[in-house]
Amino acid sequence: MLARPALVDTAMKAEPAHPDSGQTVYFGANIYYWGTAEQNYLLVQGVRAWARNAQEKGLARHFWYFRFDTRGPHLFLLFATTVQAEPLLRQYLEMQIAKFLKNRPSAEPLSQEEIEKRHKECRGKAFNIADFEQGFAANNSFAAFRHDSMHYPLNFTNGMPLADELWRRLDNIAFWAIDQLDNDPAMKAIRWLAAVDQALHRGGFPAEAYWRFHACTLLLPLRERLAANEADVLAMVPRLVSDNNRRVFSDAWEQVALGNFAGVDADALVALTMRDPGRTLEQRFLLLREINHAVMAQLGQWVKFQIPIIVYAWSRNIPQ
């Protein structure tokens, strides 16, 4: 179990400015809080206000979060801040997290077997220094840390000319995702992917190639099967989506086409990822794939839920 960080004296003042005080650094926290409904409550009743307040106080510029299961189910919070603001941001967040966990602890019962299973399904992925710790973290504990700019998810935008603009948009999406958690997040996840598909088309980007790429990252044997017999695989893809799912997904696509998707500019986000001249097409696909995967996780929709939607999006784009 990780030791809970000591709280900082509330009277702490910012250190005197120095030449690097405005340098961007990243501050993160893992909050081990079991249960999807419980995590939704934590995001809606706690994290949203903390992130907004941190930005309004000038302690953070961008905010992002992810759900993950390494060492136990948790929320990974990430803030872009500065060297000067980081100590106050740490103080503020540690106090708010500790107070929330004390007043509203998760009571979700998870067996050690289930925790270990979820950890194993992460396939050794570690996104921050807390993920590298030994053993499993206790429910209702947390770890706070300086996050390396070369680690996930920042590694996907390193060297990107418009990285700050992209992170501004991902910040907006993070808050949008929290706002959907009490408003049918599963349907919002489907509509998000429909909006991405339509943005690919409006931007003139290779939609079929993108969804094929994304599907291959989720269904690992696909790439090999496509190489062996592409025609048979493409003929099979539409049959992988059940009739009921097809009706639900088709309706979501139609609703988005009618403009019933508000709050996020998917077209601008897709254009940012797909018009980066410094990256290969596959690297652009990978960035968009990671963004989509993160949005699904933010909405509490795991890979098993994502697969049929991705396959459906691909099937829509296979030339007949």
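Scope of this entry: the structure provided in the associated data block. (Residues numbered from 1 in each chain as written. Predicted model: local features only at pLDDT ≥ 70, side-chain atom pairs only at ≥ 80, totals over all residues. Heavy atoms only, no water.)

Some remarks on the overall build of the protein chain
Then comes step 1: Secondary structure assignment for the protein chain yields twelve helices and four strands.
Then comes step 2: The globule rule puts the C-alpha radius of gyration for 320 residues at 20 Å, and the 21 Å found for the protein chain is close to it.
Then comes step 3: C-alpha extents for the protein chain along the principal axes are approximately 65 × 45 × 35 Å.
Then comes step 4: Counting the 320 residues in the protein chain, one finds 53% classified as buried.
Then comes step 5: The long-range fraction of contacts in the protein chain, counting pairs at least 24 apart against all pairs at least 6 apart in sequence, stands at 81%.
Then comes step 6: When the accessible surface of the protein chain is summed, it comes to about 15000 Å², and 52% of that surface belongs to carbon and sulfur atoms.
Then comes step 7: Mean positive and mean negative side-chain charge positions of the protein chain (35 and 35 charges, respectively) differ by 2 Å. (Helix = DSSP H or I, 4+ residues; strand = E, 2+ residues; numbered from the N terminus. Rg over C-alpha atoms; globule rule 2.2 N^0.38 Å. Buried < 20%, exposed > 50% of the residue type's maximum accessible area, 1.4 Å probe, protein only. Contact = heavy atoms within 4.5 Å. Areas by Shrake-Rupley, 256 points an atom, 1.4 Å probe, with all protein chains shown as cover. Lys, Arg positive; Asp, Glu negative; His and termini not counted. Charge placed at Lys NZ, Arg CZ, Asp CG, Glu CD.)

Some details on the nonpolar core
Then comes step 1: Counting 105 residues, the largest nonpolar core has F63, W192, L200, W211 and W314 as its most contacted members.
Then comes step 2: Considering each element in turn, this core owes the most residues, ten residues, to helix 4 (residues 163–180).
Then comes step 3: With residues near it in sequence (within four places) discarded, W314 still touches E208, W211, R212, A215, L222, L226, V233, L234 and V237. (Core = buried A, V, L, I, M, F, W, Y, C linked by side-chain atoms within 4.5 Å.)

Observations regarding the packing of helix 4 against helix 10 (residues 266–274)
Then comes step 1: For the pair helix 4 and helix 10, interaxial distance at closest approach is 10 Å and the crossing angle is 145°. Crossing of helix 4 against helix 10: the hand is left-handed. Across the interface between the two elements, E165, L166, R169, L170 and I173 of helix 4 pack against A268, L269, L272 and T273 of helix 10. (Axes fitted to C-alpha atoms, helices over the stretch in contact; angles between N-to-C directions. Left-handed = near helix turned anticlockwise from the far one by under 90°.)

A look at unusual backbone geometry
Then comes step 1: In this model, Y152 is joined to P153 through a cis peptide bond whose omega is 0°.
Then comes step 2: Checked against the element boundaries, P153 lands in the loop between strand 4 (141–147) and helix 4.
Then comes step 3: Its identity as a non-glycine residue notwithstanding, R123 has a phi of 55°, on the positive side.
Then comes step 4: Here R123 lies in the loop between helix 3 (112–121) and strand 4.
Then comes step 5: The exposed category is assigned to R123, whose relative accessible area is 57%.
Then comes step 6: Its identity is not glycine, yet D184 carries a phi of approximately 55°, on the positive side.
Then comes step 7: Within the secondary structure, D184 sits in the loop between helix 4 and helix 5 (185–202).
Then comes step 8: Here D184 falls in the partly exposed class, since its relative accessible area comes to 46%.

Regarding the pattern of salt bridges
Then comes step 1: With the rule as written, the count across this model stands at 13 salt bridges.
Then comes step 2: Across the salt bridge formed by R146 and E86, the nearest N and O atoms sit 2.6 Å from each other. Taken together, the residues R146 in strand 4 and E86 in helix 2 (residues 86–103) connect sequence positions 60 residues apart.
Then comes step 3: R146 sits in the partly exposed class, given a relative accessible area of 43%.
Then comes step 4: One salt bridge connects E94 with R90, and the closest N-O pair in it is separated by 3.1 Å. Of this pair, E94 and R90 are both found in helix 2, four residues apart, which corresponds to roughly one turn of the helix.
Then comes step 5: With relative accessibility at 25%, the residue R90 sits in the partly exposed group.
Then comes step 6: Connected through salt bridges with shared partners, the residues E165, R168 and R169 form a single ionic network. (Salt bridge = Lys/Arg side-chain N within 4 Å of Asp/Glu carboxyl O.)

Some words on the pairing of strand 1 (residues 24–32)
Then comes step 1: By the criterion of burial, strand 1 is predominantly enclosed, with seven of the nine residues buried.
Then comes step 2: Pairing geometry for strand 1 and strand 3 (residues 74–82), over nine bridges, is antiparallel. Looking across to strand 3, one finds that T24 is bridged to T82.
Then comes step 3: Relative to strand 4, strand 1 runs antiparallel, the two sharing seven bridges. Among the inter-strand pairings, I31 is bridged to a residue of strand 4, identified as F142. (Pairing = 2+ DSSP bridges.)

Here we look at the environment of N158
Then comes step 1: Positionally, N158 belongs in the loop between strand 4 and helix 4.
Then comes step 2: Expressed as a C-alpha distance, the spacing of N158 and R289, which sit 131 residues apart in the sequence, is 16 Å.
Then comes step 3: Residues in contact with N158, not counting those within four places in the same chain, are S149, M150 and R279.

Let's talk about the environment of Q45
Then comes step 1: The residue Q45 is located in helix 1 (residues 36–56) in this model.
Then comes step 2: Separated by 126 residues in the primary sequence, Q45 and D171 have C-alpha atoms spaced 18 Å apart.

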